[in-house]
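# Geometric and topological summary
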Amino acid sequence: MVGIGGSLRTGSQSERALRIALAGAEEAGARTHAITGSELILPFYDSGIPDRTPEAERLVEAVRAADGLIIVSPGYHGALSGLIKNALDYIEDLRPDTRPYLDGRGVGLVAVAYGWQAAVTTLDQLRTIAHALRGWPTPLGGSVNSAEVKFDEAGGASDEKVVSTLRLIGRQVTEFAHARRA
């Protein structure tokens, strides 16, 4: 299971949300790997340029090997962050694979924004992108209003319902992967 998310700020609210969702995946039996912050600093994706940086190659290979993904984006001005969008654009490199794009993979999606409007619209955009990449978004998505909920360094949040929701998203991705393998 690969988690992609956060911002350039180490320990951001969106990165902490990602780690809680990954903990839920681990509780359901998944081995997880988070790609966050500086690991997401990639050149702008260009399909016409075949050469990839080592960071881009690691991202593409991690997604290629994954049975599921959890993607968490901060909501900036009502949309997902450019950092996350650019990382998702690299999934185009999986187009020629036997399992193209996110085909057959569960995808848990979470948006964290300072306000409900940006959180909800960002989650909607993440769902649209997951569908376009042939992924299977989990039935439950997460919209977190960081004006009301604060994540802590210990892996919790000020609202236990948010923690439960994020863990459930991680479990749903893992359960989907187990069902696909069966």
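Let us look at the structure shown here. Sequence order sets the numbering: in each chain, residues are counted from 1 along the sequence as written. At least 70 in pLDDT is required for a residue's local features to be given in this predicted model, at least 80 for side-chain atom pairs to be given and counted, and no such filter applies to totals for whole chains, interfaces and linings, which use all residues. Water and hydrogen atoms play no part in the side-chain values, which are based on all heavy atoms of the structure.

Our focus in this paragraph is the environment of alanine 147. Segments assigned H or I by DSSP are reported as helices when at least four residues long, segments assigned E as strands when at least two residues long, and all are numbered from the N terminus. Looking at the secondary structure, you find alanine 147 in the loop between strand 7 (142-145) and helix 5 (160-181). Through-space distance from the C-alpha of alanine 147 to that of isoleucine 35 is 25 Å; in sequence the pair is 112 residues apart. By definition, residues are in contact when any of their heavy atoms lie within 4.5 Å. Excluding anything up to four places from it in sequence, alanine 147 contacts Ala113 and Tyr114.

Bringing the nonpolar core into the picture now. Ile4, Leu59, Val63, Leu69, Ile71, Leu88 and Ile91 are the most contacted members of the largest nonpolar core, which totals 32 residues. When contributions to this core are tallied by element, the ones reaching two or more residues are strand 1 (2-5), helix 2 (54-65), strand 3 (68-76), helix 3 (82-89), strand 5 (106-113) and helix 4 (116-132). Top element by residues in this core is helix 2. It accounts for 5 residues. Excluding residues that lie within four positions of it along the chain, valine 63 makes contacts with Val2, Ile4, Leu69, Ile91, Leu94, Leu102 and Arg105. The next biggest cluster of nonpolar side chains, apart from the first, holds 22 residues, and it includes Ala25, Ile70, Val144 and Ala157. We define the nonpolar core as a collection of buried residues of types Ala, Val, Leu, Ile, Met, Phe, Trp, Tyr and Cys that are connected through side-chain atoms lying within 4.5 Å of one another. Buried means the residue's accessible area, taken with a 1.4 Å probe over protein chains only, is under 20% of the maximum for its type, while exposed means over 50%, and partly exposed covers the values in between.

Contact geometry of helix 1 (residues 13-27) with helix 5 gives a least axis separation of 7 Å together with a crossing angle of 50°. In terms of their interaxial angle, helix 1 and helix 5 are classed as oblique. Here helix 1 and helix 5 pass one another in a crossing that is right-handed. In this structure, helix 1 uses Ala17, Ile20, Ala21, Ala23, Gly24, Ala25 and Glu27 to contact helix 5, whose residues at the interface are Val163, Leu166, Arg167, Gly170, Arg171 and Thr174. In this classification, Asp, Glu, Lys and Arg are treated as charged, Ala, Val, Leu, Ile, Met, Phe, Trp, Tyr, Cys and Pro as nonpolar, and every other residue, Gly included, as polar. Across the contact of helix 1 with helix 5, the residue classes break down as 7 nonpolar, 3 polar and 3 charged. For helices, the fitted axis covers only the stretch in contact; all axes are lines through C-alpha atoms, and the angles between them, taken along N-to-C directions, range from 0 to 180 degrees. An angle counts as roughly parallel when it lies under 35 degrees, as roughly antiparallel when it exceeds 145, as roughly perpendicular when it falls between 65 and 115, and as oblique in every other case. Here is the rule for handedness: rotate from the far helix to the near one, and if that takes an anticlockwise turn smaller than a right angle the crossing is left-handed, while a clockwise turn gives right-handed.

With that out of the way, let us pick up helix 1. Look at helix 1: 21 Å from first C-alpha to last across 15 residues, which is about the 21 Å you get at 1.5 Å a residue. A large share of helix 1 lies buried, amounting to 11 of its 15 residues. When helix 1 is considered as a whole, its buried residues turn out to be Gln13, Ser14, Glu15, Ala17, Leu18, Ile20, Ala21, Leu22, Ala23, Gly24 and Ala25. Of the surrounding elements, those touching the buried residues of helix 1 are strand 1, strand 2 (33-36), strand 3, strand 5 and helix 5. Every helix has an expected span of 1.5 Å times one less than the residues it contains.

Between Lys or Arg on one side and Asp or Glu on the other, a salt bridge is scored when a side-chain nitrogen of the former is within 4 Å of a carboxyl oxygen of the latter. Using the criterion set out here, one finds 12 salt bridges in the structure. The shortest N-O distance in the salt bridge between aspartate 67 and arginine 99 comes to 3.7 Å. Of this pair, aspartate 67 sits in the loop between helix 2 and strand 3 while arginine 99 sits in the loop between helix 3 and strand 5, and the two are 32 residues apart along the sequence. Judged by its relative accessible area of 30%, aspartate 67 is partly exposed. Each of the salt bridges in this network shares a partner with another, and the network as a whole consists of Glu27, Arg167 and Arg171.

This part covers the environment of isoleucine 70. Assignment of secondary structure puts isoleucine 70 in strand 3. For the pair isoleucine 70 and methionine 1, spaced 69 residues apart in sequence, the C-alpha to C-alpha distance is 7.6 Å. Here isoleucine 70 is in contact with Met1, Val2, Gly3, Ile4, Leu18, Ala21, Leu22, Ala25, Gly108, Gly170 and Val173, once residues within four sequence places are set aside.

Ring pairs shown here join Phe, Tyr and Trp side chains whose ring centres sit within 6.5 Å, with only the six-membered ring taken for Trp; geometry is labelled stacked below 30 degrees between planes, edge-to-face above 60, and tilted in between. For the coordinates displayed, the defined rule picks out 2 aromatic pairs. Look at tyrosine 45 and tyrosine 90: their rings are 4.9 Å apart centre to centre, the planes differ by 75°, and that puts the pair in the edge-to-face class. You can see tyrosine 45 sitting in the loop between strand 2 and helix 2 and its partner tyrosine 90 sitting in the loop between helix 3 and strand 5, a full 45 residues away along the chain. The same class applies to tyrosine 45 and to tyrosine 90, which are both buried.

Its location among the elements puts serine 81 in the loop between strand 4 (79-80) and helix 3. Each residue touching serine 81, except ones within four places of it in the same chain, is listed here: Ser73, Pro74 and Tyr76.

By themselves, these are just geometric observations and shouldn't be taken as functional.
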